[in-house]
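Fold and geometry: a report
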Amino acid sequence: MPDLDGLPTAGELVERYLGPLAAHRALAPHIHFGHQVLGISRAGFDKVKTAGREHADFVLMVETSEGVKEIRAQAVVDASGTWGQPNPMGIHGFPALGEGAAQEHIAYGMPDILGAARGRYAGRSVMVVGAGHSAAGNLLALAALADDEPGTRVHWAVRGKDLRKVFGGGSADGLPARGALGTRLRDLVEQQRIILHLGFGVQAVELLADRMTVRAIDPTVAPVDGVDEIIVAAGSRPDLSLARELRTRLDPWIESTEALADLIDPNLHSCGTVRPHGHRELAHPEPGFYAIGAKSYGRAPNFLMATGYEQARSVVAAIAGDWVAANQVQLDLPQTGVCSVDIAEPSTVRASAAPSCCGGPAVQDTSTCCALDEAQKAQGSAGCGCTSAVPPATAKAASLQPVAPARAPCCG
Ligand SMILES: Cc1cc2nc3c(=O)[nH]c(=O)nc-3n(C[C@H](O)[C@H](O)[C@H](O)COP(=O)(O)OP(=O)(O)OC[C@H]3O[C@@H](n4cnc5c(N)ncnc54)[C@H](O)[C@@H]3O)c2cc1C
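In this report, the structure presented in the accompanying data block is examined. Keep in mind that what you see is a predicted model, and the values were worked out from it rather than measured.

**Here we look at the sheet that holds strand β3 (residues 67–73)**
An order of β1-β2-β3 is seen for the 3 strands of this open sheet, with the pairing classed as antiparallel. The open sheet terminates on both sides in strands that have one partner only, identified here as β1 (36–42) and β3. Strand-to-strand twist in this sheet, taken as the mean axis angle between neighbours without regard to direction, amounts to 25°. In terms of strand pairing, strand β2 (residues 58–64) meets β3 through 7 bridges, oriented antiparallel. Residue pairing in the sheet places T64 in a bridge with G67 of β3.

Shown next as structure tokens:
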């Protein structure tokens, strides 16, 4: 057993868990390294053809060192994540004007700032775009770099203005180490070691003689001049092209399955407020095909590995025909200290009567939501978390403080 209080880095997770797992004699013969899946279809069937399709094998088109091959399968579990498809930095969801031309000075995700990429950022003016945990990791690394390398300047562009979202739950976070990230960031901003630009939705990047000017879409927000490097940590999106020939049904904006979307919509859920779910919520109109893991959440950024393990267990049981095991899903996720319901802006909340914890009719099926929600609604209140007022963030100093949830959250 691992140390239950341990906090392994990604590298340690590979070394201590994924590596040994992949080397296990039960798994090793079945793993094909260097195989890039290009597409998934039904053998002998294009997307339109129906009669008999559910009996046909899947066929995967796979790029290998020996060229493109076809591999047959009776079921497909797509766990290809979203990390390889980073979101661009433009506020509109597509690249900012000039982003393509400035590619040489732009990195996506989490470059190895204190390691292999140190020379690229040392002594430079660096802007981080984004407000999630990847951005936080980049900023903390850059602040550490700035301690050792004079002249390193750190700018942080955040499109929103709500610092509770930016800094997270602090000491109230269900995962204390995650909360500590936000607390450390807040300290660095207060000490002005990180220059925070709020309301800075990036519209354009202008590259002039190796330095960039970054412009926000809001003309009242001052552009940032003299930027040497940009790190875009604005989330990632699933590669939907893999399943182009399969019959999938996705939520129009989350790009998860429809059944999952109401549970994970980041307009509503900041992190742990996702009920247990398994093969039923992950199923598509194409029997035998599932997307699990980070990809199952589509564009929602709030995925945790614990969710994925339970998804995998349920989906594999379903494929094996063990419906009792497949239907029994259990998951206990840690909450963030900032109640996701509290931070949702009214205009962003789904106008949906579908069962969910907040708004809408009381949910009768306890597997669909929590009992607390039902009890509260039965007593005439709005349901879990829905009636709690958020203290207005009037002063900057006040808004820098993480806000504790007004009541025990109900889901997760
Ligand atoms: C910065 C950061 C920090 C995080 N920290 C945590 C944390 O502390 N705790 C936590 O629970 N979660 C964390 N997460 C979320 C984390 O990403 C997921 O929990 C987990 O890695 C998802 O696993 P996955 O297997 O679904 O996807 P991934 O880990 O992304 O794995 C997908 C795999 O599929 C491969 N692949 C992609 N496309 C293809 C293809 N076409 N053919 C073949 N192979 C392909 C990829 O190479 C990759 O190996 C973090 C995420 C980020 C971005």
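**Digging into the sheet that holds strand β9 (residues 202–208)**
Ordered in space as β9-β10-β11, the 3 strands form an open sheet in which the pairing is antiparallel. Each edge of the sheet is formed by a strand with only one pairing partner; in this case those strands are β9 and β11 (224–227). Each strand axis lies, on average, 20° off the axis of its neighbour in the sheet, ignoring direction. Where β9 meets strand β10 (residues 211–216), 6 bridges bridge the pair, whose relative direction is antiparallel. Across the sheet, V202 pairs through a bridge with A216, a residue of β10.

**Brief notes about the nonpolar core**
Grouped together as the largest cluster of nonpolar side chains are 26 residues, with contacts concentrated most on Y121, L142, W156, L185 and I194. When contributions to this core are tallied by element, the ones reaching two or more residues are β6 (125–129), α3 (133–148), β7 (153–157), α4 (163–167) and α5 (176–190). Among the elements that make up this core, the one with the highest residue count is α3 (8 residues).

**What to know about the pattern of salt bridges**
Applying the stated criterion across every chain yields a total of 14 salt bridges. Between R120 and E229 there is a salt bridge, with the nearest N and O atoms lying 2.9 Å from each other. Here the residue R120 occupies a position in helix α2 (residues 118–121), and E229 occupies one in strand β12 (residues 229–232), the gap between them amounting to 109 residues. According to the relative accessible area criterion, R120 is partly exposed, its value standing at 30%. Among the ionic pairs, R193 bridges to D147, the shortest N-O distance being 2.9 Å. With R193 in the loop between α5 and β8 (195–197) and D147 in helix α3, this residue pair connects regions lying 46 residues apart in the sequence. Look at D147 and you get exposed, because its relative accessible area is 53%. Residues joined in a network through salt bridges with shared partners are R42, R53 and E286.

**What about the packing of aromatic side chains?**
By convention here, two paired aromatic rings are described through the distance between centres and the angle between planes. Applying the stated criterion to the full structure yields 3 aromatic pairs. Plain terms: the ring middles of Y17 and Y309 are 6.4 Å apart, the flat faces sit at 85° to each other, and that makes the pair edge-to-face. With Y17 in helix α1 (residues 10–23) and Y309 in helix α8 (residues 305–320), the pair connects residues that are 292 residues apart, well separated along the chain. Look at Y17 and you get partly exposed, because its relative accessible area is 35%. A relative accessible area of 43% means that Y309 is categorised as partly exposed. Sitting over the face of the ring of F58, R42 holds its NZ or CZ atom 4.0 Å from the ring centroid. Positioned above the aromatic ring of F45, the side-chain terminus of K49 is 4.7 Å from the ring centre.

Conventions we followed
- Residues numbered from 1 in each chain as written.
- Predicted model: local features only at pLDDT ≥ 70, side-chain atom pairs only at ≥ 80, totals over all residues.
- Heavy atoms only, no water.
- Pairing = 2+ DSSP bridges.
- Helix = DSSP H or I, 4+ residues; strand = E, 2+ residues; numbered from the N terminus.
- Axes fitted to C-alpha atoms, helices over the stretch in contact; angles between N-to-C directions.
- Core = buried A, V, L, I, M, F, W, Y, C linked by side-chain atoms within 4.5 Å.
- Buried < 20%, exposed > 50% of the residue type's maximum accessible area, 1.4 Å probe, protein only.
- Salt bridge = Lys/Arg side-chain N within 4 Å of Asp/Glu carboxyl O.
- Phe/Tyr/Trp six-rings, centres within 6.5 Å; stacked < 30°, edge-to-face > 60°.
- Lys NZ or Arg CZ within 6 Å of the ring centre and 35° of its normal.

Keep in mind these numbers describe shape, not what the thing actually does.
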